[in-house]
Structure formats: C-alpha cells, structure tokens
Number of protein chains: 2
Amino acid sequence: MLNRQYTGMLQEKDIIFEIFQYATKRAEEIGEENVFDFSLGNPSVPAPDLVNRTIIEKVKNTDALSLHGYSPSFGIMEAREKIAASLNRRFHTNYRASNIFMTMGAAGALAHALRAVTNPGDEIITFAPCFSEYKPYTAGAGLHLTIIPADTDTFQINFNAFIKRLNPKVSAILINSPNNPSGIVYSTETILRLTRILQKKSEEFGHPIYLISDEPYRDIIFEGVDSPYIAGYYPDTLTCYSFSKSLSLPGERIGYLAVNPDCNQADQIIEICPQISRTIGQNGAASLMQRVIADTCDDTSDLRVYETNKKILYDALISFGYECVEPGGTFYMFPRSPEPDSYAFCEKARKKDLMLVPGDIFGCPGHFRIAYCVPTVRVKKALPIFKELIEER
Amino acid sequence: MLNRQYTGMLQEKDIIFEIFQYATKRAEEIGEENVFDFSLGNPSVPAPDLVNRTIIEKVKNTDALSLHGYSPSFGIMEAREKIAASLNRRFHTNYRASNIFMTMGAAGALAHALRAVTNPGDEIITFAPCFSEYKPYTAGAGLHLTIIPADTDTFQINFNAFIKRLNPKVSAILINSPNNPSGIVYSTETILRLTRILQKKSEEFGHPIYLISDEPYRDIIFEGVDSPYIAGYYPDTLTCYSFSKSLSLPGERIGYLAVNPDCNQADQIIEICPQISRTIGQNGAASLMQRVIADTCDDTSDLRVYETNKKILYDALISFGYECVEPGGTFYMFPRSPEPDSYAFCEKARKKDLMLVPGDIFGCPGHFRIAYCVPTVRVKKALPIFKELIEER
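Residues numbered from 1 in each chain as written. Chains lettered and ligands numbered in written order. Predicted model: local features only at pLDDT ≥ 70, side-chain atom pairs only at ≥ 80, totals over all residues. Heavy atoms only, no water.

**Q** Would you explain the sheet that holds strand E11 (residues 357–358) of chain B in this entry?
**A** Working definition: the strands of a sheet are paired by backbone hydrogen bonds and lie parallel or antiparallel to each other. Residue and element names in this part refer to chain B. Strand order in the open sheet formed by 3 strands is E9-E12-E11, with antiparallel pairing between adjacent strands. At either margin of the open sheet sits one strand with a lone partner, and together these are strand E9 (332–333) and E11. Direction of pairing for E9 relative to strand E12 (residues 368–371): antiparallel, over a ladder of 2 bridges. In the sheet register, Met333 faces E12, and the bridge partner there is Ile370. (Pairing = 2+ DSSP bridges. Helix = DSSP H or I, 4+ residues; strand = E, 2+ residues; numbered from the N terminus.)

**Q** Looking at this structure, I do not really get the relation of the copies chain B and chain A. What am I missing?
**A** The relation between the two copies of this chain is a rotation about an axis and a shift parallel to it. When chain B is fitted to chain A, the best match, at an RMSD of 0.0 Å, comes from turning it 180° and sliding it 0.0 Å along the axis. Here the transformation between the copies is reduced to the relation of a two-fold axis. Taken as a fraction of all interface residues of chain B, those also at the interface in chain A reach 99%, which identifies the copy contact as same-surface. (Least-squares fit on C-alpha atoms with pLDDT ≥ 70 in both. Contact = heavy atoms within 4.5 Å.)

**Q** Looking at this structure, how should I read the state of the cysteines?
**A** Residues and elements named next belong to chain A. Counted by the stated rule, this structure contains 0 disulfides over all chains. There is no disulfide at Cys324, and the cysteine sulfur nearest it, in Cys364, is 12 Å away. Given the relative accessible area of 14%, Cys324 is considered buried. (Disulfide = S-S within 2.5 Å. Buried < 20%, exposed > 50% of the residue type's maximum accessible area, 1.4 Å probe, protein only.)

**Q** What's the story with unusual backbone geometry in this structure? I'm lost.
**A** Excluding glycine, most residues fall at negative phi; most peptide bonds, likewise, are trans. All names here are of chain A. The linkage connecting Ser177 with the following residue, Pro178, adopts the cis geometry, with an omega of -5°. Mapped onto the elements, Pro178 comes out in the loop between strand E5 (170–175) and helix H9 (188–205). A positive phi is found at Ser248, a non-glycine position, where the angle reads about 50°. Of note, Ser248 is situated in the loop between strand E7 (237–242) and strand E8 (255–259). For Ser248, a relative accessible area of 3% corresponds to the buried category.

**Q** Help me understand the nonpolar core, please; the structure alone is not making it clear to me.
**A** Burial of nonpolar side chains together is a common tendency in soluble globular proteins. Residues A:Ile212 and B:Ile212 are the most contacted members of the largest nonpolar core, which totals 68 residues. B:Ile212 has contacts with B:Leu110, B:Ala113, B:Leu114, B:Val117, B:Ile124, B:Ala172, B:Ile173, B:Leu174, B:Ile175, B:Leu238 and B:Cys240, leaving out every residue within four places of it along the chain. A:Met104, A:Phe243, A:Ala258 and B:Tyr256 belong to the second-largest nonpolar core, a separate cluster that totals 62 residues. (Core = buried A, V, L, I, M, F, W, Y, C linked by side-chain atoms within 4.5 Å.)

**Q** Just to check I follow, could you spell out the packing of helix H3 (residues 49–61) of chain A against helix H11 (residues 287–296) of chain A for this structure?
**A** How two helices pack is summed up by the angle between their axes together with the distance between the axes. All names here are of chain A. One can describe the packing of H3 onto H11 by two numbers: an axis separation of 9 Å at closest approach and a directional angle of 125°. Taken together, the axes of H3 and H11 lie oblique to each other. Between H3 and H11 lies a crossing whose hand is right-handed. Counted together, Leu50, Val51, Thr54, Ile55, Glu57, Lys58 and Val59 of H3 and Leu288, Met289, Arg291, Val292, Asp295 and Thr296 of H11 form the full contact between these two elements. Here the residues of the contact of H3 with H11 sort into 7 nonpolar, 2 polar and 4 charged. (Axes fitted to C-alpha atoms, helices over the stretch in contact; angles between N-to-C directions. Parallel < 35°, antiparallel > 145°, perpendicular 65-115°, else oblique. Left-handed = near helix turned anticlockwise from the far one by under 90°. Nonpolar A, V, L, I, M, F, W, Y, C, P; charged D, E, K, R; others polar.)

Here is the structure:
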C-alpha cells in the first residue's frame with residue numbers, strides 16, 4: 001500500500017503552486033507582460049557574474065576527479081572555512097570551520113537542525129506568520145509544531161501567547177527573520193526579550209531550548225533597519241542559511257547549518273549531522289557548487305531592486321488605503337486583506353490576473369502575501385489593479 | 001536533549017571511513033604511491049569531457065535566472081525526457097518523462113522509493129551481501145529491514161532462505177545488481193525466479209510487493225555478462241539510479257527514480273515523491289547538473305579500466321589460492337577471507353598498507369571487499385601483498 005502520510009498530503013492543495021500554474025497558463029493566453037504573478041519567491045535578479053565565472057574557472061582548472069568526487073560528509077573544508085570567516089567578519093561571531101555543516105539549501109539545513117536537537121514526539125514552537133513548509137519539515141522529524149498566533153500590529157513576536165505555550169516538552173524554537181511572508185525583521189528588542197525568556201526557561205526546565213534560526217533572507221535587509229545577528233544573542237542557536245536569495249541560486253540547493261561554537265554540545269550536534277544525512281538520503285550538497293561558494297560567499301546579486309520594489313508598492317498600497325506593516329527586508333509584503341476572507345480577496349485579484357497568496361497558509365488569516373521579486377516595471381503596472389481591488393470593496 | 005537515534009549511530013563505528021582516514025594519514029607519512037587504498041568506491045576515471053564542456057556551455061548560453069532558478073518539484077522536464085528516451089532506447093522499456101523523478105543521487109532516489117511504497121512499521125527484504133547504508137536508509141523510513149543470508153557460492157539470491165521469510169508484512173524487496181560489495185550481476189534466471197515468486201506472493205497476499213532496484217553500477221558491466229534490465233521483468237519495479245559511477249560524478253549528487261509505467265499506481269507513486277521531499281528537506285537535485293545530465297545521460301566515462309583491473313586482480317587472487325566469485329560488473333570484488341575472522345584479516349592487510357573492508361558490514365562475514373577503482377598500476381603493485389597475506393596464513 002502506498003504511504004498514507006504522503007498520499008494524505010496530496011489532498012491538501014498546494015495553493016501557491018496552483019496559483020503559479022494558473023499564472024503560467026494565463027501568460028500563454030494573454031502574454032507574460034499582462035500577468036502579475038506575485039505568487040512565488042523566486043529571485044528576479046540573476047546570480048552575480050562572479051558565480052558563473054567561478055563555475056567556469058573551477059571546471060577548467062580543477063582536476064575532474066576531485067572537482068566532481070565525493071565530498072566529505074561535513075562538506076568541503078574550504079567552503080566551511082570561507083563561510084566561517086565571512087560570518088565572523090560580518091557579524092563579529094567566532095565560528096570555526098568545524099561549526100559549519102554544508103547542506104542542500106536551507107531546507108536541508110533545517111532537516112538536520114530539527115532532527116539534531118529534538119527527539120520524535122517533542123514539541124517545537126514557531127510564530128505566525130510563518131513559512132508554510134514548516135509543517136512538513138517538522139512532521140518529517142516526528143515533531144509537534146505549535147504555531148503562536150501573530151501580533152498583527154507589528155509582526156514581531158506575540159510574547160503573551162508564546163509564554164503561555166512554552167513548556168518542558170519544547171526542545172526548540174524555530175524563527176524566521178527576515179520573515180517570509182511578512183518581510184519583517186525581528187528587532188534587537190524582540191531578540192533580547194525572546195532570548196531572555198529562553199535562557200530563563202532553559203534553566204527552569206533543566207535542558208537547553210535551542211533556537212533554530214532560518215535565515216535565507218539574511219542578506220536582503222533594507223536601509224536603516226535594525227537587524228541583529230541572532231546567534232550573537234543566544235549561545236544555543238543553530239543558524240540555517242541558503243545562498244538561494246543572496247546569490248540568486250535557488251535551484252542549486254546550496255546552504256549550510258552554522259552551530260554557534262558556544263552552543264550546548266556544539267561539537268556533537270555537528271558530529272551527528274552526517275548520521276542524519278544517512279537516514280534521509282541527503283549525502284552532501286553538490287560538490288561543484290560547494291567549491292564555487294567557497295569563492296563567492298562574500299558576494300551577493302544586485303539585491304537593490306527588492307528595496308526599490310518595496311518602496312513603490314508599499315507607498316502605493318498605503319495611499320490606496322491598505323493596512324500593511326512595512327517590510328524591513330526580503331521580497332515579501334503581507335498586507336491586511338480588505339475583506340476578512342483572504343481567499344475570496346485573492347480570488348478577486350486572480351480574476352484581474354494579479355496573483356496573490358492568502359495568509360491562511362502562513363498561519364495568519366485575513367492577510368495576503370505579495371512576492372515582489374519581479375521586474376519593477378511589473379510592480380508599477382500592477383498598482384492600478386491593487387487600487388481597483390480596494391475601491392470595489 | 002540531542003537525538004538519541006543519531007547519537008546512538010555515532011557509537012557504531014563507520015569502519016569504511018576509519019580505514020579511509022587511516023589510509024589518508026599513511027599517505028602523508030609514506031607517500032600516496034605506497035598506500036593501497038582499496039577501501040572506498042570513489043571512481044578512478046574522470047568525468048567525460050562532454051560533462052565539463054556542457055557545464056561551460058550551459059553557464060555561457062543559458063539565462064542565469066533560469067539556469068540557477070528553482071526547478072519543478074519533479075525535476076527539469078528536459079532531463080526527465082532525455083532519461084526516459086535513453087532508457088527506452090537502451091533497454092526497450094516504455095518510460096515516459098512523467099515516470100522519471102529527478103533526485104540527489106541514488107541515495108535520494110532510495111529515500112523516495114522506500115517511503116513511497118511502504119508505511120512505517122512495514123518490513124522490507126534485501127539480500128546479503130548488501131550495501132551497508134541500507135540499514136540507515138530503511139531505518140529513516142521507519143521500516144524493518146530483513147537481510148537474507150548470502151548464497152556464498154554464487155552471490156545470486158539464496159531463494160530457500162528468502163521464501164521462508166517472505167510474509168504479508170513485506171511491502172518491498174530491495175535489490176542491488178550489479179552488486180556492492182560482490183560485483184555480481186543477477187542473471188536472467190535469478191531475476192525470472194525472483195519475479196515469479198513476487199508475482200505469486202503479491203496475488204496470495206492481496207497487495208503488490210514492490211521491487212526497488214538500486215542500480216548505480218548499471219553501466220559497469222563486463223563483457224559477455226548476462227545483465228537483464230530488471231524493470232523489464234517485473235511491472236512493480238522502482239529503479240533507483242545515480243550518475244555517480246557512469247559519469248564519475250559522485251559528488252554532484254545527481255540521479256533519478258524511474259517508476260515502471262506498468263507499475264501498480266505508477267502515477268501516484270511519482271505524484272507523492274515531491275511530498276516526500278518536503279518532509280526530508282530534499283527539494284530537487286541541483287538545477288545546473290539536471291540540465292547537464294539532459295545533454296550527457298547517454299555518455300559514460302571511460303569505464304574500461306575497471307574490467308582491466310578486475311581481470312588482473314581476479315586472475316592473480318585465484319592463482320594465489322583465494323576463493324572468489326568472479327565479478328560481472330562494478331569495481332568491487334568480494335573474496336572469501338583466508339581466515340574466518342575477516343576483521344583480523346583486514347587488520348593484517350592494513351599493517352601492510354593494503355586497505356580492505358571486512359565483509360561483516362555487508363551482512364556477510366568471512367569475506368572482504370576490494371574496491372579496485374584505483375589506477376591499474378596500483379592494482380599490480382598490490383598483488384605481492386595479497387600473495388604474502390594468504391601465504392602467511
């Protein structure tokens with residue numbers, strides 16, 4: 001019999017993918033320039049030239065046997081060293097290469113982090129609005145995921161609700177800042193308050209509460225925004241990173257898990273990661289890309305377009321009468337839906353060839369997500385549709 | 001608390017890796033040319049030039065956004081089409097692109113296949129000698145793995161032992177031909193006998209018993225060896241493939257799962273694969289390599305060296321008095337240990353700087369594995385050591 005868990009998952013429609021499929025079909029019918037597909041978080045700026053130059057250079061100048069050969073189970077040492085050095089230089093951290101485990105993107109990093117510091121049946125807490133994939137990620141590790149309702153005024157953490165739910169069965173807290181879908185960056189104040197609670201409760205419960213920090217949008221932070229490096233505030237932090245957004249390489253599936261050197265059992269967490277890999281069939285990120293990352297991890301794509309788009313879109317939405325917490329980073333925005341049923345609102349938008357995602361799937365009904373990782377001209381052309389939608393209410 | 005399952009796995013020493021580490025250390029001390037490292041199955045011939053030329057061509061001529069962008073969750077259509085066509089041309093099969101799911105190597109393919117056609121608690125049967133990683137692979141899917149003892153005279157299937165253990169709790173049979181560690185290829189007779197049993201028992205049990213065929217060595221088959229394409233003999237076959245050996249790309253983690261179009265619920269098996277990916281954090285093989293595979297999947301490295309090495313080594317071992325079933329493919333050989341304790345034998349070999357792996361970890365004590373994916377000169381230079389070892393007995 002086919003697997004009941006996975007066949008069951010087919011019943012829950014993947015709304016983002018459905019919208020994206022519809023957008024693709026519409027683009028064929030009426031032309032791509034007439035479809036406003038704000039559904040998917042796919043970078044709209046290419047990888048920096050340095051990435052492609054480095055790929056060619058590696059292929060030309062590295063012996064093919066070692067270039068494409070098995071990489072060590074923790075990852076290629078040069079990549080781990082360069083990443084640790086880059087983090088230390090930028091965030092005043094003390095990572096050593098041995099604290100870095102190379103993974104297949106942030107999803108791979110989370111798959112390892114979630115399994116390393118928990119046991120099946122444990123509880124894990126995250127905060128709405130949150131990435132919809134956290135449900136399958138935690139389910140796959142046998143964990144109970146508790147989603148704390150959003151503080152919809154700020155999209156910082158709803159501490160009152162959080163404290164009520166924190167209990168000794170909680171092994172880890174999963175956070176995502178800059179946040180998908182809200183675009184919000186947790187402030188220093190938020191991080192200090194969160195980590196003080198975790199320190200106190202870890203002592204009270206007699207075991208560390210690990211902080212798993214999912215940071216694929218770390219390098220898309222807008223000017224002047226307070227953006228603490230989270231591992232700098234809490235020793236028991238596991239940072240999950242992907243180069244998908246910073247280097248526009250989402251398809252290459254390359255990222256890392258960084259374990260704070262001051263973390264409880266830091267060395268053992270890294271040491272068990274290859275054991276986790278063995279059970280989920282995920283034996284290392286692609287070797288060519290690991291070598292490329294070693295030479296490019298300090299670079300980024302030209303990410304300025306996202307802030308340009310944010311400004312145009314945010315200012316316009318506010319002027320039209322939308323309520324929205326201003327994003328501090330990412331390429332997402334999460335306004336309040338003009339009508340309580342965000343599915344109905346997104347359906348109306350879809351009929352005008354504007355593709356938006358209902359907030360319900362991020363644990364936050366009554367809102368909708370705009371992924372503005374599209375050409376700026378497309379953002380501008382979509383503004384009248386947003387205006388119509390709120391006026392027709 | 002850290003995960004008990006994974007910390008527990010640290011206690012079971014990874015013998016192959018330990019031997020490999022020792023070999024690396026010795027190479028530093030006495031020179032690489034004086035260490036005979038037959039421990040690891042790392043290809044010794046480089047990827048064909050076509051692979052590197054194709055990488056450069058793709059990087060130069062493909063728009064960077066689509067080259068490195070998210071690939072569809074089933075894989076890039078062109079790669080799936082080309083792989084299906086290549087299989088159909090070579091093996092007279094009827095695969096459509098929709099039967100192919102792109103994965104991170106054979107390990108990724110197995111992770112999906114094993115989860116798709118089973119439910120946690122089910123039993124899965126494999127045959128000794130078998131790849132040591134089958135234990136963590138099946139444990140990760142929540143399965144009970146039964147290893148049928150080897151038929152050490154032929155390393156074909158021990159059918160008497162198999163039939164006794166086959167029962168209605170068995171969801172799938174996992175086979176690996178050409179085989180790691182024995183190098184044996186299952187004959188048409190073996191496959192016919194196996195598939196007849198499975199057909200009969202599937203009817204008797206009232207559910208299909210799927211055949212998961214792990215075939216990373218499919219393209220290393222020696223001249224004149226009977227090597228049936230297994231999916232051609234049994235509709236309910238899921239074939240797991242990796243380009244790691246055929247194209248010498250083990251580090252790039254690229255492979256596929258091919259579901260026989262005549263398989264029970266063939267479409268649904270493929271359909272649930274992306275759901276499985278979501279729970280194990282394995283969202284697609286690297287996009288650049290998928291595109292490269294589309295253009296190179298009919299090519300192979302120059303694999304002839306493995307047959308050359310096999311012939312030299314096999315003939316010499318037999319002349320020295322070793323007992324060994326002659327390999328039909330791969331780059332492994334699995335002789336009987338001259339003394340019953342193969343750990344002790346491998347330890348003696350290690351003292352002579354010859355690195356071998358005890359058969360116990362492949363479920364077959366009293367044997368040892370030789371991975372002869374090394375330069376031919378190294379094979380020749382190692383022969384006197386093999387001679388000494390059997391003479392000193």
